[in-house]
Amino acid sequence: LRERPLTRLYLHHDPLNRFISCLVYVPRENYSTELRQRFEAELLRVLDAKEVQFTTYFSESILARVHFVLRLDPAKKTLYDVNELQLLLANMARTWKQRLRQALVEGLGEELGLHSAARFAKGFSPSYCHDFSPRVAVLDIQHISTLNSPDDLALSFYRNFDDDNRCFFFKVYHQLKPLPLSDVIPILENLGLRVLGEHPHKIIQ
């Protein structure tokens, strides 16, 4: 790795199929207990292991190292693709901001995507990142980019695929300050909708 901020997986499979030893290197700034637990769950699933032990090591390096030892059932043949597993862990280790940058480049092209990534680099709050994926943020950025004055509005009316068919979401994009609920709710109720709640997010450019 030579101190490059990359996520890498190194495997040693016991010839008798009793265990697999996994060294996972991840950029220290990306490492968290939650990420380690996600690594652990994915390794257990992909390698069909019975149990796992881990040791985490920090030093002056920019990389954190986690050593997983997964116990296998010797009677079962363990099949896996190292490259696919490596890619899976690397994608899991990327931060929300890093995934947003990639989604913007894929969705808007390299030049506009990188420009938007720099423009909104510190724009999304932790609560927004918890509620929405980077790909949804790309759509929100596109709506926000249509606002040219404080009087402009942009709207998005949608339904999540995994939600009840009777539940819809309505986003209103507005500059400088949120719209008063007393102005918005009557319009939605006149459309035959019942408003259940509001979740405002401030996005900084």
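Look up a bit, the structure's there.
Each value, and the rule that gives it
- Residues numbered from 1 in each chain as written.
- Predicted model: local features only at pLDDT ≥ 70, side-chain atom pairs only at ≥ 80, totals over all residues.
- Heavy atoms only, no water.
- Helix = DSSP H or I, 4+ residues; strand = E, 2+ residues; numbered from the N terminus.
- Buried < 20%, exposed > 50% of the residue type's maximum accessible area, 1.4 Å probe, protein only.
- Contact = heavy atoms within 4.5 Å.
- Arc of directions from axis to C-beta.
- Core = buried A, V, L, I, M, F, W, Y, C linked by side-chain atoms within 4.5 Å.
- Patch = residues over 30% accessible without salt bridge, like charges linked within 9 Å, V, L, I, M, F, W, Y side chains within 5 Å.
- Areas by Shrake-Rupley, 256 points an atom, 1.4 Å probe, with all protein chains shown as cover.
- Salt bridge = Lys/Arg side-chain N within 4 Å of Asp/Glu carboxyl O.
- Polar contact = N/O pair within 3.5 Å; in protein donor to acceptor, adjacent residues only side chain to side chain.

Undergrad: What's the story with the environment of F132 in this structure? I'm lost.
TA: Checked against the element boundaries, F132 lands in the loop between α5 (126-131) and α6 (134-144). You can call F132 buried: its relative accessible area is 18%. Taking the C-alpha atoms as reference points, F132 and W96, 36 residues apart in sequence, are found 9.9 Å from one another. With near-sequence residues (within four places) excluded, F132 lies in contact with W96, Y158, K171 and H201.

Undergrad: Quick question: what am I supposed to make of α6 here?
TA: Residues three or four positions apart in an α-helix share a direction because the helix packs 3.6 residues into each turn. Of all the positions in α6, only P134, A137, V138, D140, I141 and I144 are classed as buried. Along the long axis of α6, the arc covered by the buried residues comes to 165 degrees, so they all point the same way. The secondary structure elements touched by the buried residues of α6 are α3 (96-108), α5 and β6 (169-174).

Undergrad: Teacher, can you tell me more about the nonpolar core here?
TA: Nonpolar side chains in soluble globular proteins tend to be buried together. Within the largest apolar cluster, 21 residues are counted, with the highest numbers of intra-cluster contacts made by C22, F39, L43, L47, F68, L70 and L89. Elements that contribute at least two residues to this core include exactly β2 (19-27), α1 (33-46), β4 (63-71) and α2 (82-93). Beyond its immediate stretch of four places on either side in the chain, C22 contacts L9, Y10, L11, L43, L47, V66, H67, F68 and L70. Counting 16 residues, the second largest nonpolar core, distinct from the first, contains W96, L100, A117 and I144.

Undergrad: Explanation requested: a nonpolar patch on the surface in the structure shown.
TA: Together, L153, L155, F157, F168, F170, V172, I187, L191 and L193 make up an exposed nonpolar region whose accessible area comes to about 830 Å². Of all elements in the fold, only β5 (153-158) and β6 reach the threshold of two or more residues within the nonpolar patch. Structurally, I187 is set in helix α7 (residues 181-190).

Undergrad: What should I look at first to understand unusual backbone geometry in this one?
TA: Leaving glycine aside, a negative phi is the common case for residues, and trans is the common case for peptide bonds. Although it is not a glycine, D48 sits at a positive phi angle of roughly 55 degrees. With respect to the helices and strands, the residue D48 is situated in the loop between α1 and β3 (51-57). Its identity as a non-glycine residue notwithstanding, L176 has a phi of 70 degrees, on the positive side. Among the secondary structure elements, L176 is positioned in the loop between β6 and α7.

Undergrad: I tried to follow the side chain of T78 on my own but got confused; where do I start?
TA: Checked against the element boundaries, T78 lands in the loop between β4 and α2. Of note is the side chain of T78, whose polar atom sits 3.3 Å from the side chain of N17. Not counting the four nearest positions on each side in its chain, T78 is found in contact with H13, N17, I20, L47 and L72.

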